[in-house]
Amino acid sequence: MSAARAISIVSISLLSIAIVLPMSTPVSVASSASDPGTIAYVRSASNEIRLIQPDGTNDRSLWTSPETNKVLGVFGLVWRPDGGMLAFNSDHEDACSVYDTDIYAILNNGTGLRRVTNSPACAELANYPQGRVTVHVANYFFEPVNIYVQGATELGGAPGGAWDVTFDHVADLGEGVLQPVVGIYGFDRYLGLSVDVKAGQTVYADITIGPSTEVLTFGTQGLSWRSDGSQIDYATRNCGDLYQISSNPPLGSLGQKLPTAANTFPCLVAPGPASKPDQFLYYSENNPFVDGLEGIYLTSTNQTDGGTQLVSPGSIYQQFGYDPVTVHDLRWLPDGSGFLFTETYVYVNLDDPDAACEGICSDVFVYDFATGSIAQITRLDLIDGTLGGDDTARSLSVSPDGQYIALERVTETSDPLNPNYTIWVMGRDGSGLRQLVSDGHSPAWGPTAAPPVCGGDCDGGGYVTINELITLVNIDLGTTDASACPSGIPSGREVDIALIVQAVNHALNGCSG
């Protein structure tokens, strides 16, 4: 063994004993006023993430889901503020997760895919120490259901009645990590007790399948990165809670809950820009049991009362005469002066010749903090010059310079289950609307420039972990291929003692240190 290799191993040993690394390190954000940015989107037909320039050139593939026939597929794309990583929701691993959709992250070169919520990903579970779990199932529906224990490599089945289901191979995610048990029946999940899996041992858990444990649409949606790139905020698809999770969290983590107003049903969340890092917006849908809670709120991470309601159905009706139905997306303007949202609404006076639409429409609106006013910036029903259009505005994304908007439009077809999804680009005031993509949804507009390589940051998470340092040592020893560290080795450079020392410094001081 060479001296360099010996020093490398000693460095790792001392470091693993002497320090505890932080869970996350803020990512420095670089931007250029001349950078038009890059737009990521999902091609509907192939369930594929693609990248395209705002002028329509260089349309190329980034990643394709291995499951092309899933119900939800890939959706809700968001760039990390520095443009180096893309986060998104997907249901391609819904059979080996507590959630039916999870957050995933991938580098802007298409490498380093990893699951963020309920990690690790399915293919990685066999790499962990294995334990055995026996689940006692009380199924009051008397129809077969699937049972899953977080960390298991496969589903178990339980018919109606009382049964024991044993999982022989369940990853032990660590001492004291509670791994939930869920029942899966169609789109419903049923929450059981969590269990601390022990490698080489059998542990026991219980689950009841019935109305009291049922959770509909239990997954992720409404993603947004925190301005420093260290955290991702999201809502659960049942509009039950908001969470904030590290971009590289502990195994099995869902993140920490964010504060919202009592009795609200939060469906969307949007963290503030760099000028307002602790603030966030959220949208709550209607609570049928408590009046006046639907709307868009502004609050902060340390504010416990849920914040201030800025937009309500009443304010929309008072200003425009519209009867609001729902908000589809919510995004800050980069300068923090306001925010955009897409709203579906019904115009209640169809006899008015100046009606904004006939029946149900959906458009983009902007809220201005300085004046507290709301302005409508699209009239999608009038694109063809006539009233009564069938276009709806759904997800949107703002260009890095804040001057343009990428917008998803949905148009009805003869098949109500298969509408047309298209992506359009326009000025921030709604001018110059033009089609960018004919088959796409979930646009995400971010800066083109990738951050410099952080030596040792193998997965591009923004900081260096003990496991990544060990990976570098193994690459240096020749026992692991360099492909195991796709984003932590600068181009044209080999792993040597100098790079490992640099990686140790990044682990101690952060990638920007």
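The preceding data block contains the structure.
Reference entry: report on the structure contained in this document. (Residues numbered from 1 in each chain as written. Predicted model: local features only at pLDDT ≥ 70, side-chain atom pairs only at ≥ 80, totals over all residues. Heavy atoms only, no water.)

A rise of 1.5 Å per residue sets the reference length of helix α4 (residues 497-509), with its 13 residues, at 18 Å; its end C-alpha atoms lie 18 Å apart and thus fit the reference within 8%. For α4, the full list of buried residues reads Leu-499, Ile-500, Ala-503, Val-504, His-506 and Ala-507. Along the long axis of α4, the arc covered by the buried residues comes to 160°, so they all point the same way. (Helix = DSSP H or I, 4+ residues; strand = E, 2+ residues; numbered from the N terminus. Expected span 1.5 Å × (residues − 1). Buried < 20%, exposed > 50% of the residue type's maximum accessible area, 1.4 Å probe, protein only. Arc of directions from axis to C-beta.)

Another aspect to go through is the pairing of strand β12 (residues 181-185). With four of its five residues buried, β12 lies for the most part within the structure. Of the strand pairs in this sheet, strand β9 (residues 145-149) and β12 are connected by four bridges, and their pairing is antiparallel. Within β12, the position partnered with Tyr-148 by the bridge is Val-182. Direction of pairing for β12 relative to strand β13 (residues 188-191): antiparallel, over a ladder of four bridges. Bridged to Val-182 within β13 is Leu-191. Connecting β12 to the antiparallel partner β13 that follows it, the hairpin turn spans two residues, and Gly-186 within it adopts a positive phi of roughly 65°. (Pairing = 2+ DSSP bridges.)

What the five strands build is an open sheet, ordered β10-β9-β12-β13-β15; its pairing is antiparallel. Each having just a single partner strand, β10 (156-158) and β15 (214-216) make up the two edges of the open sheet. Mean inter-strand twist for the sheet, computed between neighbouring axes without regard to direction, equals 35°. Judged from the three bridges that link them, β13 and β15 form a sheet pairing that is antiparallel. Bridged to Tyr-190 within β15 is Glu-214. (Axes fitted to C-alpha atoms, helices over the stretch in contact; angles between N-to-C directions.)

Note on placement: Ser-65 falls in the loop between β3 (60-64) and β4 (74-79). Separated by 27 residues in the primary sequence, Ser-65 and His-92 have C-alpha atoms spaced 6.9 Å apart. One polar contact links the side chain of Ser-65 to the main-chain carbonyl oxygen of Glu-67, over a distance of 3.0 Å. (Polar contact = N/O pair within 3.5 Å; in protein donor to acceptor, adjacent residues only side chain to side chain.)

For the rest of this paragraph, the subject is the sheet that holds strand β18 (residues 242-246). Here we have four strands laid out as an open sheet, ordered β16-β17-β18-β19, and antiparallel in their pairing. Either end of the sheet is taken by a strand with one partner, and the two such strands are β16 (220-225) and β19 (256-257). One ladder, built from five bridges, connects strand β17 (residues 231-236) with β18; its direction is antiparallel. Within β18, the position partnered with Ile-232 by the bridge is Ile-245.

Moving on, we come to the packing of helix α3 (residues 466-477) against α4. In contact at an axis separation of 10 Å, α3 and α4 are set at 175° when each is read in the N-to-C sense. Classed by the angle they form, the pair α3 and α4 counts as roughly antiparallel. Facing Leu-469, Leu-472, Val-473 and Asp-476 of α3, the residues of α4 in contact are Ile-500, Ala-503, Val-504 and Ala-507. Tallied by class, the residues present in the contact of α3 with α4 amount to seven nonpolar, no polar and one charged. (Parallel < 35°, antiparallel > 145°, perpendicular 65-115°, else oblique. Contact = heavy atoms within 4.5 Å. Nonpolar A, V, L, I, M, F, W, Y, C, P; charged D, E, K, R; others polar.)

Glancing now at the packing of aromatic side chains. All chains considered together, the criterion is met by 20 aromatic pairs. Pairing Tyr-234 with Tyr-243 gives two aromatic rings, centres 5.3 Å apart and planes at 15°, and the pair type is stacked. Arranged with centres 5.4 Å apart and planes meeting at 15°, the rings of Phe-320 and Tyr-322 form a pair that is stacked. We classify Phe-320 as buried; its relative accessible area is 19%. Each residue in the set Phe-320, Tyr-322, Trp-332, Phe-339, Phe-341, Tyr-345, Phe-365, Tyr-367 and Phe-369 is aromatic and connected to the rest through ring pairs, giving one cluster. Sitting above the plane of the Phe-369 ring, Lys-276 keeps its charged end 4.5 Å from the centroid. In this arrangement the basic side chain of Arg-409 is found over the ring face of Trp-424, its NZ or CZ atom lying 4.1 Å from the centre. (Phe/Tyr/Trp six-rings, centres within 6.5 Å; stacked < 30°, edge-to-face > 60°. Lys NZ or Arg CZ within 6 Å of the ring centre and 35° of its normal.)

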